[in-house]
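If you want the building blocks of each chain, they are given just below.
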Amino acid sequence: MNDTNQNWAEKTIEAIEKKLYRVSRRSLEIIPYTTKDGRFDDMTKENICWWTNGFWGGIMWQLFSCSGKNIYKTLAIRNEEKLDANLLNPYGMDHDSGFKWLPTAVAHYKLDGNDKSFQRALLAAENLAGRFNVTGNYIRAWNDNNDGTNAGTAIIDCMMNLPLLYWASEVTLDPRFSQIAIRHADMAQKYFIRENGSAIHIGVFDPVTGEFIHSVGGQGYAKGSSWTRGQAWAIYGFALSAHYTGNKKYLETAKRVADYFIDQMNKRNDMGIPIDFSQPPDCKREDSSAAAIAACGLLELGKTDKKYKDAALQLLEFLCKNRLCLDEDKDYLLEKCADSFHSDKEQMTLIYGDYFLIEALLKLSGNDFPIFNP
Ligand code: GLY
């Protein structure tokens with residue numbers, strides 16, 4: 001890693017930590033998702049089962065790892081404990097267990113071997129494995145009201161939940177978990193990645209025969225379009241599957257999606273990443289969270305190919321110069337995120353945008369804190 005980039009990343013993390021120290025001291029009891037007038041909301045009361053409820057805890061562990069300040073550890077554990085209400089609610093357990101328990105319980109267990117954290121994480125992994133559809137070879141994404149509406153639905157985002165299964169196999173020496181992750185990754189490689197390297201968001205299967213029926217535009221612009229956060233989940237998700245399994249075909253898939261992403265970046269005059277690469281050219285809405293997640297995936301690929309590291313740097317330099325808010329009176333880090341193209345919110349802040357920005361900077365600084373990767 002080039003020293004200049006490493007120093008720049010370290011300095012940026014220092015500035016972020018300084019700001020978030022103040023922010024965390026006024027955010028002692030919350031699990032934030034977004035902000036209103038610059039201040040965090042609280043999903044503890046709003047919806048404890050929301051898919052992003054592990055990222056605040058993850059940010060706290062990241063900051064604990066680089067500063068050693070106890071407040072971060074306390075808040076991370078508080079977040080983990082609050083998620084028990086989700087763990088005990090079968091209707092609130094969906095495929096996003098990786099997003100919720102990797103940055104909380106697994107991170108905690110990896111740091112100090114905490115037994116309660118181990119139990120939480122393993123229970124979440126068992127639940128995730130139980131969502132596997134054996135004829136379609138996919139992990140079911142969402143729940144429904146027991147009417148089967150979502151029984152055949154899988155989404156590209158789930159690639160990021162597979163590390164919970166790989167972790168479970170590692171700690172239990174039971175290959176069932178990783179076998180399920182591998183089957184899901186193979187399915188996603190077959191049905192979710194298009195000829196040109198872009199990824200679909202939602203795949204719909206016949207849940208009885210397992211037959212792939214069609215794709216849906218989901219949070220992107222339209223059917224057939226390229227939702228940028230979905231591309232980012234695919235790059236990072238396949239890179240992580242390659243990392244855990246050692247299987248080069250996943251690395252090749254991650255690189256194909258990354259090549260598509262870089263090609264789209266280079267075609268634009270503007271470095272802000274749109275919500276969807278196929279959105280109308282006059283639509284200037286962006287998704288900085290997609291840029292931060294893509295940077296994490298590109299840095300993984302950049303370990304063996306400089307082209308990807310350079311692309312990650314381009315994204316991070318743009319984000320830190322133009323989209324990073326270091327004003328200590330505002331709770332968020334990244335501006336101009338988007339939950340979905342057809343959202344009623346023009347632009348918003350998103351806690352996972354902040355989380356993956358820190359993750360990318362930690363990778364760049366050489367102080368990688370292992371949450372999604374071992
Ligand atoms: N996993 C849902 C999203 O990326 O919005």
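See the structure above.
Residues numbered from 1 in each chain as written. Predicted model: local features only at pLDDT ≥ 70, side-chain atom pairs only at ≥ 80, totals over all residues. Heavy atoms only, no water.

### A look at the overall build of the protein chain
Regarding its fold elements, the protein chain presents 14 helices and 7 strands. Against the 2.2 N^0.38 benchmark of 21 Å for 374 residues, the protein chain shows a C-alpha radius of gyration of 19 Å, consistent with a compact globule. Here the protein chain holds 374 residues, and the buried ones make up 60% of them. Expressed as a percentage of contacts within the protein chain between residues at least 6 apart in sequence, the contacts between residues at least 24 apart total 69%. When the accessible area of the protein chain is evaluated, it comes to approximately 14700 Å², of which 49% is carbon and sulfur surface. Side chains of the protein chain carry 43 positive and 49 negative charges; the gap between the two charge centres is 2 Å. (Helix = DSSP H or I, 4+ residues; strand = E, 2+ residues; numbered from the N terminus. Rg over C-alpha atoms; globule rule 2.2 N^0.38 Å. Buried < 20%, exposed > 50% of the residue type's maximum accessible area, 1.4 Å probe, protein only. Contact = heavy atoms within 4.5 Å. Areas by Shrake-Rupley, 256 points an atom, 1.4 Å probe, with all protein chains shown as cover. Lys, Arg positive; Asp, Glu negative; His and termini not counted. Charge placed at Lys NZ, Arg CZ, Asp CG, Glu CD.)

### A few points about helix α13 (residues 306-322)
Here α13 contains 17 residues, and its C-alpha end-to-end distance of 24 Å stays within 8% of the 24 Å for a straight helix at 1.5 Å per residue. Of all the positions in α13, only Tyr-308, Ala-311, Ala-312, Leu-313, Leu-315, Leu-316, Phe-318, Leu-319 and Cys-320 are classed as buried. Of the surrounding elements, those touching the buried residues of α13 are α1 (3-25), α11 (248-267), α12 (288-301) and α14 (351-365). (Expected span 1.5 Å × (residues − 1).)

### Describing the site of the ligand
Within the structure, the ligand sits among Trp-51, Asp-157, Gln-219, Trp-227, Arg-229, Trp-233 and Tyr-352. Between the ligand and Arg-229, the relevant distance is 2.5 Å, taken from an oxygen atom to a side-chain nitrogen or oxygen of the residue. Here the ligand loses 93% of its free accessible area of 200 Å² to cover by the protein chains. Its residues placed into classes, the shell around the ligand shows 4 nonpolar, 1 polar and 2 charged. (Near = heavy atom within 4 Å. Polar contact = N/O pair within 3.5 Å; in protein donor to acceptor, adjacent residues only side chain to side chain. Nonpolar A, V, L, I, M, F, W, Y, C, P; charged D, E, K, R; others polar.)

### A look at the packing of aromatic side chains
Taken as a whole and judged by the stated rule, the model has 31 aromatic pairs. Where Tyr-138 meets Phe-205, the ring centres are 4.5 Å apart and the plane angle is 20°; that geometry is what we call stacked. Taken together, the residues Tyr-138 in strand β4 (residues 138-139) and Phe-205 in strand β6 (residues 202-205) connect sequence positions 67 residues apart. Both residues of the pair, Tyr-138 and Phe-205, belong to the buried class. With a centroid separation of 6.1 Å and 70° between ring planes, the pair formed by Tyr-355 and Phe-372 is classed as edge-to-face. (Phe/Tyr/Trp six-rings, centres within 6.5 Å; stacked < 30°, edge-to-face > 60°.)

### Some thoughts on the nonpolar core
If you look at the biggest cluster of nonpolar residues, it comprises 128 residues, and the most contacted ones within it are Phe-55, Leu-165, Phe-238, Leu-315, Phe-356, Leu-357 and Phe-372. Setting aside residues no more than four positions away along its own chain, Phe-356 makes contact with Phe-55, Met-160, Trp-233, Tyr-236, Ala-292, Ile-293, Cys-296 and Phe-372. (Core = buried A, V, L, I, M, F, W, Y, C linked by side-chain atoms within 4.5 Å.)

### Overview of the sheet that holds β6
Read from one edge of the open sheet, 3 strands run β5-β6-β7, paired in antiparallel fashion. Each of the sheet's edge strands pairs with one partner strand only, and the pair in question is β5 (153-155) and β7 (212-216). If you compare each strand with its neighbour and ignore which way they point, the axes differ by 25° on average. With 3 bridges joining them, β5 and β6 adopt antiparallel strand pairing. Residue pairing for β6: Thr-153 is matched across the bridge by Val-204. (Pairing = 2+ DSSP bridges. Axes fitted to C-alpha atoms, helices over the stretch in contact; angles between N-to-C directions.)

### Some remarks on the environment of Pro-207
Residue placement: Pro-207 occurs in the loop between β6 and β7. Through-space distance from the C-alpha of Pro-207 to that of Thr-153 is 8.3 Å; in sequence the pair is 54 residues apart.

### With respect to the environment of Thr-253
When you line up the elements, Thr-253 lands in helix α11. On the accessibility criterion, Thr-253 (5% relative accessible area) is buried. Distance from Thr-253 to Val-23, taken between C-alpha atoms, is 39 Å for residues 230 residues apart in sequence. Apart from residues lying up to four places away in sequence, Thr-253 is in contact with Gln-189, Ile-193 and Phe-238.

### Details of the state of the cysteines
Scanning the entire structure with this criterion turns up 0 disulfides. Cys-283 takes part in no disulfide bond, and the closest cysteine sulfur to it belongs to Cys-337, at a distance of 15 Å. In this structure Cys-320 is a free cysteine whose sulfur lies 12 Å from that of Cys-296, the closest cysteine sulfur available. For Cys-320, a relative accessible area of 14% corresponds to the buried category. (Disulfide = S-S within 2.5 Å.)

### Section: the pairing of β6
Residues of β6 alternate between two faces, with Ile-202 and Val-204 on one and Gly-203 and Phe-205 on the opposite face, all of them buried. Where β6 lies against β7, 4 bridges are found, and the strand directions are antiparallel. Pairing of Phe-205 across the sheet is with Phe-212, part of β7. Linkage of β6 to β7, two consecutive antiparallel strands, is achieved through a turn of 6 residues, within which Gly-210 is found at a positive phi near 85°.

Limitation: the analysis is restricted to geometry and does not speak to function.
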